[in-house]
Amino acid sequence: MSHVLEAPVEVTAPKLPKSAKPPWRSRFETNGWSLLLLPVVVFLLVVFIAPLIMMFSKSFTDPTVGLDNYRAIWENSLYLKVLKNTFVVAIGTTVLTLLIAFPYAYLMTLATPFWRAVMIIAVLVPFWTSLLVRSFALVLVLRDTGALNTALDSMGVIDEPLPLLRHMSGVLFGMVQITLPFAVLPLYATMRGIDRRLLQAAESLGARPSLAFAKVYVPLTMPGMFAGVILVFIQALGYYITPALLGGPQNTMIGELIVQQVSTVLRFGFAAALGVLLLVSTLVLLAIASRFVDMKKYLMGQS
Amino acid sequence: MTIAYLLLPVLVVIPMSFSDSAFLQFPPKAFSTRWYEQLINDPTWIESALVSLRVAVLSTICAVVLGVLAALGLVRGKYPFRGALTALLLAPVIVPYVIVGLAVYIVFLKMGLTETTLGFVLVHTALAVPYVIINVASGLVSFDRGLELAAQSLGSGPISTFFRVTFPNIAASVFAGALFAFITSWDEVVSAIFLSGPEMTTLPVRIWSGVKVSVDPTVAAISGLTLFVIIGSFLLFGAMKLIRLSIRTYRHRNAGATIGATS
């Protein structure tokens with residue numbers, strides 16, 4: 001990892017002309033192996049980055065050149081409501097997911113090997129299961145005659161079905177179910193690495209167990225918590241399938257609005273502007289997050 | 001409680017898919033396989049399943065070839081712009097699929113690539129390639145390069161070294177990456193909604209329209225089927241691990257017996 005060591009050299013000698021510095025040259029040094037990266041880079045630039053740039057430019061040029069599309073979002077209370085709703089659902093999902101994932105991951109670290117295996121499988125099965133199938137199953141659960149209402153009714157808890165499907169409560173119930181694995185996995189990965197003897201140490205020094213937990217254990221879980229929060233929040237912002245199935249017209253999210261604008265009214269420029277807005281929020285959040293934790297590790301660290 | 005909540009889709013869809021009723025009540029009153037039969041007898045379902053299969057297989061192949069090359073380059077190479085490159089390689093996982101779908105649709109519409117196998121394969125390869133890269137790169141990092149150098153010092157060329165020494169050693173991570181790639185493509189619905197049309201529709205998009213229009217019990221059957229595939233691949237993965245483990249212990253024991261060691 002020589003590039004890590006190069007940084008201070010630049011800082012201590014800022015006035016040298018760039019080309020005179022050995023670190024500059026070694027940074028651009030390359031070997032034959034790196035040529036193998038070329039096919040992927042070209043492929044992604046053509047198939048992935050170029051379309052994003054096209055979308056960006058379309059948001060300023062279609063149907064007319066200028067900021068009209070962005071102004072249309074800003075000036076219509078309906079679209080502003082969709083944006084507000086998107087953030088409300090994303091924040092609500094993130095908070096609820098964290099509240100459920102934290103104790104779950106903590107129990108995983110305490111459980112016997114058998115129960116830990118059961119708990120891991122319970123996280124991994126939905127993680128691998130089709131988003132579409134899970135959302136469909138949630139429709140079956142949340143309907144007026146669905147599993148949840150039937151169960152509550154037969155237990156005598158409720159007299160008439162709770163309004164879940166097509167309501168905010170249903171969307172949140174579903175979104176949390178979908179995002180839970182993305183919070184549990186990084187939290188568990190962090191918690192597994194925490195030395196529980198630190199808790200004993202705090203208690204032996206006179207801290208009550210609850211205080212020791214709050215002041216010693218919880219701060220140590222911060223990297224996992226932060227990774228979970230960012231992963232869940234970013235995904236919740238961009239989901240289309242789940243809110244479109246579980247929500248009603250009252251809680252449309254930005255993803256649905258984009259698809260609607262393209263498929264029903266063919267307003268490509270406007271949809272592109274919404275896309276740019278969503279993309280920029282996602283990238284800003286990631287940029288903030290990557291200052292604190294190694295996102296690469298958590299994005300890919302499943303299993 | 002949370003375990004039940006996490007497993008909810010499996011717990012609900014599987015009994016529902018065997019329901020005898022046309023209205024999907026829970027719990028089902030009588031069981032039958034009629035929705036599975038209807039599924040098999042409906043040519044449109046089979047057709048979109050074949051489309052999905054073709055797209056998924058081709059995308060997996062492309063993603064694995066590109067991904068293995070890239071992983072080798074990443075792990076072995078010295079190259080500039082590390083940060084930017086990593087960001088580019090991970091971007092397809094981070095950018096919401098709605099945006100990818102929209103952006104690609106805008107371009108593909110102009111180029112006549114919507115509703116074509118090529119169009120689907122291009123998008124799905126881009127979405128799947130990061131998973132292959134990460135899996136294979138992590139496999140390569142833990143692989144002892146000395147073995148390659150040994151093979152080459154014994155006169156093996158670079159290509160035969162790769163296929164006879166490197167590849168067998170990273171095969172498990174390549175397989176895991178390929179599985180990720182396959183499932184990514186097989187399951188992908190958001191960008192496929194943009195690219196699909198009457199001429200060509202993948203299975204998830206077909207399911208999606210089934211779910212959107214009405215709560216159709218055939219969808220419960222296809223969902224049940226999907227879950228069986230997932231659970232099956234889980235078991236297969238577990239079984240492969242078990243087999244590999246038992247072969248290894250068997251070898252160790254045999255080796256121990258021949259040289260008279262205790263382990």
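For the structure, check the block above.
Residues numbered from 1 in each chain as written. Chains lettered and ligands numbered in written order. Predicted model: local features only at pLDDT ≥ 70, side-chain atom pairs only at ≥ 80, totals over all residues. Heavy atoms only, no water.

Enquirer: Just to check I follow, could you spell out the overall build of chain B for this structure?
Expert: Of the regular secondary structure elements, chain B holds 11 helices and 0 strands. Secondary structure elements of chain B occur, N-terminal to C-terminal, as α-α-α-α-α-α-α-α-α-α-α. Relative to its full complement of 263 residues, chain B shows a buried share of 51%. A separation threshold of at least 6 residues defines the contact pool for chain B, and within that pool the share at least 24 residues apart is 70%. (Helix = DSSP H or I, 4+ residues; strand = E, 2+ residues; numbered from the N terminus. Buried < 20%, exposed > 50% of the residue type's maximum accessible area, 1.4 Å probe, protein only. Contact = heavy atoms within 4.5 Å.)

Enquirer: Looking at this structure, I do not really get the packing of aromatic side chains. What am I missing?
Expert: Any pair of aromatic rings gets described here by the distance separating the centres and the angle formed by the planes. Residues and elements named next belong to chain A. Counting across every chain of the model gives 20 aromatic pairs over all chains. Between the aromatic rings of Phe-213 and Tyr-217, the centroid separation amounts to 5.1 Å while the plane-to-plane angle is 15°, which identifies the pairing as stacked. Placement of the pair is Phe-213 and Tyr-217 together in helix 11 (residues 209-220), with a separation of 4 residues, close to one helical turn. On the accessibility criterion, Phe-213 (22% relative accessible area) is partly exposed. Over the ring of Phe-270 we find Arg-267, and its NZ or CZ is 4.2 Å from the ring centre. (Phe/Tyr/Trp six-rings, centres within 6.5 Å; stacked < 30°, edge-to-face > 60°. Lys NZ or Arg CZ within 6 Å of the ring centre and 35° of its normal.)

Enquirer: When you look at the interface of chain B and chain A in this model, what are you seeing that I'm missing?
Expert: By a widespread convention, an interface's size corresponds to the accessible area lost as its parts come together. Across the contact, 83 residues belong to chain B and 78 residues belong to chain A. Both sides of the chain B and chain A interface together cover about 7,200 Å² of buried area, and 85% of this is carbon and sulfur. When the buried area of chain B at its contact with chain A is split by residue, B:Tyr5, B:Leu6 and B:Lys78 rank highest and sum to 10% of it. Run the count over chain B and chain A and you get 0 salt bridges. Linking chain B to chain A there are 5 residue pairs in polar contact (both at pLDDT 80 or more). Considered class by class, the residues forming the side of chain B that touches chain A number 67 nonpolar, 8 polar and 8 charged. (Buried area = accessible area lost by both parts, 1.4 Å probe. Salt bridge = Lys/Arg side-chain N within 4 Å of Asp/Glu carboxyl O. Polar contact = N/O pair within 3.5 Å; in protein donor to acceptor, adjacent residues only side chain to side chain. Nonpolar A, V, L, I, M, F, W, Y, C, P; charged D, E, K, R; others polar.)

Enquirer: Is there a simple way to think about a nonpolar patch on the surface in this case?
Expert: All names here are of chain B. Among the surface-exposed residues, Ile-40, Ile-46, Leu-50, Leu-53, Val-57, Leu-58, Ile-61 and Val-65 lie close enough to one another that they form a single nonpolar patch of about 690 Å² accessible area. Here the nonpolar patch gets 7 residues from one element, more than from any other, and that element is helix 3 (residues 43-76). Along the chain, the position of Leu-58 falls in helix 3. Residue classification places Leu-58 among the partly exposed positions, given a relative accessible area of 36%. (Patch = residues over 30% accessible without salt bridge, like charges linked within 9 Å, V, L, I, M, F, W, Y side chains within 5 Å. Areas by Shrake-Rupley, 256 points an atom, 1.4 Å probe, with all protein chains shown as cover.)

Enquirer: How do you make sense of the environment of A:Leu172 when you look at a structure like this?
Expert: Residues and elements named next belong to chain A. With respect to the secondary-structure elements, Leu-172 resides in helix 9 (residues 168-192). C-alpha separation for the pair Leu-172 and Leu-266, spaced 94 residues apart in sequence, amounts to 30 Å. Every residue in contact with Leu-172, bar those within four places of it in the chain, is listed here: Val-89, Gly-92, Thr-93 and Leu-96.

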